[in-house]
Amino acid sequence: MTSHALADLPLARSSVARAAQLREVPDVIAHALADTRTRVLAVRDGGLLLAEAEAEADVTGAVLRWLDADAARDLLAAADGPDAPHAAVTGPDPEAWLLLGAEDDGACVLAVRLPDRHPLPARGEPADVLVHLPDGPVARGSWRSLRTVGAALPAHDAGLATAAVALDTWHDRHPRCPRCGTPTRVAQAGWSRVCDVDGSEHYPRTDPAVIMAVVDDADRLLLGHATAWQAGRWSTLAGFVEAGESAEQAVRREVHEETGVLVGDVEYAGSQPWPFPGSLMLGFRARATSTLVQVDGVEMADARWFTRDGLASAVASGEVLLPGPTSIARALVEQWFGRPIAG
Ligand SMILES: [Zn+2]
């Protein structure tokens, strides 16, 4: 068994520097939009614009549809119609643009946030999209959710797409000051919001959750089937960290609440941003000190200990459906298993 941390989780990879120092530069978005090197990805409601129209069941080879500043502005303008104030007069709308980072050569990487009124299908559902590009009349793209395509994106794109979706969702859900209720304004090129009434600053929320591979003395893995899941879906146990609780305490509490199993040693294994809508999944390996399973019947419908052979044959027969390849849950299961599991 390996004891090192999980590596290369799909949503946690990117080679682009976040370049936080640029966020404070005055008019940095306007400067970036005037730079022909700038590249922009489009995001709305958990969805991303991809380069090709993918077959629904096949997202392998997914690549973001990177836009230059003009194409991104055109796409944004499609939401507003001909009577909207022209951005050349008013400057870029701070609500619409996020500075994700900078490439090694200094080129900025932005996201454009398309509003709900934009004539694209909602919620990142699969859809063909026509993108008007300055260097050609039109390009095809497809609109897919990060949740669907995250594992298939190249490392360079995956981390940027994750940050874009996380920020976009946070802005959507937190338009007002939590102290006084006043609408806030975007600051730091999309990385914070400020209340002009009481001067408070607000940053994207990240809610910590724990997810754990619980193993007993016989080296069996505990997997659960939640009441809300489709038949056959099994995964590692998980839950949110409560106020005033450590991650290790949360691991022990959640496992006991959901299955009645007691946990002793808890070892950190790695983490993964999970912006659906705003979680950080903290992965652990946990050692059970009891094996009797009694599910709560509320969140957890069933829980079982699996041997490696038992899990392999249950997956092969279709009796067990494991979590998707994007997830840290799958990585934890496969780390225990010792290699990738087909299916
Ligand atoms: Zn306020």
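A brief report on the enclosed structure follows.

A look at the overall build of the protein
Each helix and strand in the protein was counted, giving 8 helices and 15 strands. Per-residue burial for the protein yields a buried fraction of 48% across its 343 residues. In the protein, the proportion of contacts linking residues at least 24 apart, taken out of those at least 6 apart, comes to 67%. Per element, the accessible surface of the protein, about 16,300 Å² overall, is 53% carbon and sulfur.

Observations concerning the sheet that holds strand β9 (residues 201–202)
In a beta sheet, neighbouring strands pair by backbone hydrogen bonds and run either parallel or antiparallel. Pairing is antiparallel across the open sheet formed by 3 strands, whose spatial order is β7-β8-β9. Both outer strands of the open sheet, β7 (185–187) and β9, are each paired with one neighbouring strand and no more. Pairing of strand β8 (residues 192–194) with β9, which is carried by 2 bridges, proceeds in the antiparallel orientation. Along β9, the bridge assignment pairs Arg193 with His202.

Examining the pairing of strand β13 (residues 263–274)
Bridging between β13 and strand β14 (residues 279–288) involves 9 bridges; their strand directions are antiparallel. Within β14, the residue paired with Glu267 across the bridge is Arg285. Linking β13 to β14, which pair antiparallel, is a turn of 4 residues.

Description of the pattern of salt bridges
The full count for this structure, using the stated rule, is 19 salt bridges. Between Asp70 and Arg73 there is a salt bridge, with the nearest N and O atoms lying 2.9 Å from each other. Here Arg73 and Asp70 lie together in helix α2 (residues 69–77), a separation of 3 residues that amounts to about one turn. Residue Arg73 is classed as partly exposed on the basis of its relative accessible area of 31%. Here Arg253 ties to Glu254 by a salt bridge, and the two come within 3.2 Å at their closest N and O atoms. On the accessibility criterion, Arg253 (16% relative accessible area) is buried. With a relative accessible area of 6%, Glu254 lands in the buried category.

Observations regarding the side chain of Ser279
Relative to the assigned elements, Ser279 resides in strand β14. Excluding residues within four positions of it along the chain, Ser279 makes contact with Thr206, Asp207, Phe240, Gln272, Pro273 and Trp274.

Examining the environment of Gly297
The residue Gly297 is located in the loop between β14 and β15 (300–306) in this model. According to the relative accessible area criterion, Gly297 is partly exposed, its value standing at 47%. Residues Gly297 and Thr227, 70 residues apart in the sequence, show an inter-C-alpha distance of 7.4 Å.

Points about the packing of aromatic side chains
Throughout the structure, instances matching the rule amount to 4 aromatic pairs. Arranged with centres 5.6 Å apart and planes meeting at 80 degrees, the rings of Trp234 and Phe306 form a pair that is edge-to-face. Of the two residues, Trp234 sits in the loop between β11 (221–226) and β12 (237–240) while Phe306 sits in strand β15, which places them 72 residues apart along the sequence. On the numbers, 5.7 Å between centres and 70 degrees between planes, the contact of Tyr268 with Phe284 is edge-to-face. Here the residue Tyr268 occupies a position in strand β13, and Phe284 occupies one in strand β14, the gap between them amounting to 16 residues.

Description of the packing of helix α7 (residues 308–317) against helix α8 (residues 328–337)
Where α7 meets α8, the axes come as close as 10 Å, and the angle between the chain directions of the two elements is 130 degrees. Considered as vectors, α7 and α8 are oriented oblique to each other. Judged by the sense of rotation from one axis to the other, the crossing of α7 with α8 is left-handed. Residues Arg308, Leu311 and Ala312 of α7 form the contact with α8, whose own contacting residues are Val333, Trp336 and Phe337. The class makeup of the residues in the contact of α7 with α8 is 5 nonpolar, no polar and 1 charged.

A word on the coordination of the zinc ion
Cys177 (SG), Cys180 (SG), Cys195 (SG) and Asp198 (OD) make up the full set of protein donors to the zinc ion, lying at 2.2 to 2.4 Å. For the zinc ion, the 4 donor atoms in the first shell make angles of 100 to 120 degrees at the metal, so the coordination geometry reads as tetrahedral. Each donor residue of the zinc ion lies on one chain, and together they are spaced C-x2-C-x14-C-x2-D. Remark: Cys195 occurs in the loop between β8 and β9 and Cys180 occurs in the loop between α5 (155–173) and β7; sequence separation between them is 15 residues. A relative accessible area of 0% means that Cys195 is categorised as buried.

Topic: unusual backbone geometry
Following Phe276, the chain continues to Pro277 via a peptide bond in cis, the omega torsion being 10 degrees. Backbone geometry at Asp45 places phi at a positive 55 degrees, although glycine is not the residue there. Along the chain, the position of Asp45 falls in the loop between β1 (39–44) and β2 (47–50). Its relative accessible area of 24% is what places Asp45 among the partly exposed residues. The backbone phi angle of Ala189 is positive, close to 55 degrees, even though this residue is not glycine. Looking at the secondary structure, you find Ala189 in the loop between β7 and β8. Given the relative accessible area of 12%, Ala189 is considered buried.

Here is what the cut-offs are and how they apply
- Residues numbered from 1 in each chain as written.
- Predicted model: local features only at pLDDT ≥ 70, side-chain atom pairs only at ≥ 80, totals over all residues.
- Heavy atoms only, no water.
- Helix = DSSP H or I, 4+ residues; strand = E, 2+ residues; numbered from the N terminus.
- Buried < 20%, exposed > 50% of the residue type's maximum accessible area, 1.4 Å probe, protein only.
- Contact = heavy atoms within 4.5 Å.
- Areas by Shrake-Rupley, 256 points an atom, 1.4 Å probe, with all protein chains shown as cover.
- Pairing = 2+ DSSP bridges.
- Salt bridge = Lys/Arg side-chain N within 4 Å of Asp/Glu carboxyl O.
- Phe/Tyr/Trp six-rings, centres within 6.5 Å; stacked < 30°, edge-to-face > 60°.
- Axes fitted to C-alpha atoms, helices over the stretch in contact; angles between N-to-C directions.
- Parallel < 35°, antiparallel > 145°, perpendicular 65-115°, else oblique.
- Left-handed = near helix turned anticlockwise from the far one by under 90°.
- Nonpolar A, V, L, I, M, F, W, Y, C, P; charged D, E, K, R; others polar.
- Donors = N, O, S within 2.8 Å, 3.2 Å for Na, K, Ca; no water.
- Tetrahedral: all angles 85-135°; square planar, octahedral: opposite > 155°, others 65-115°.

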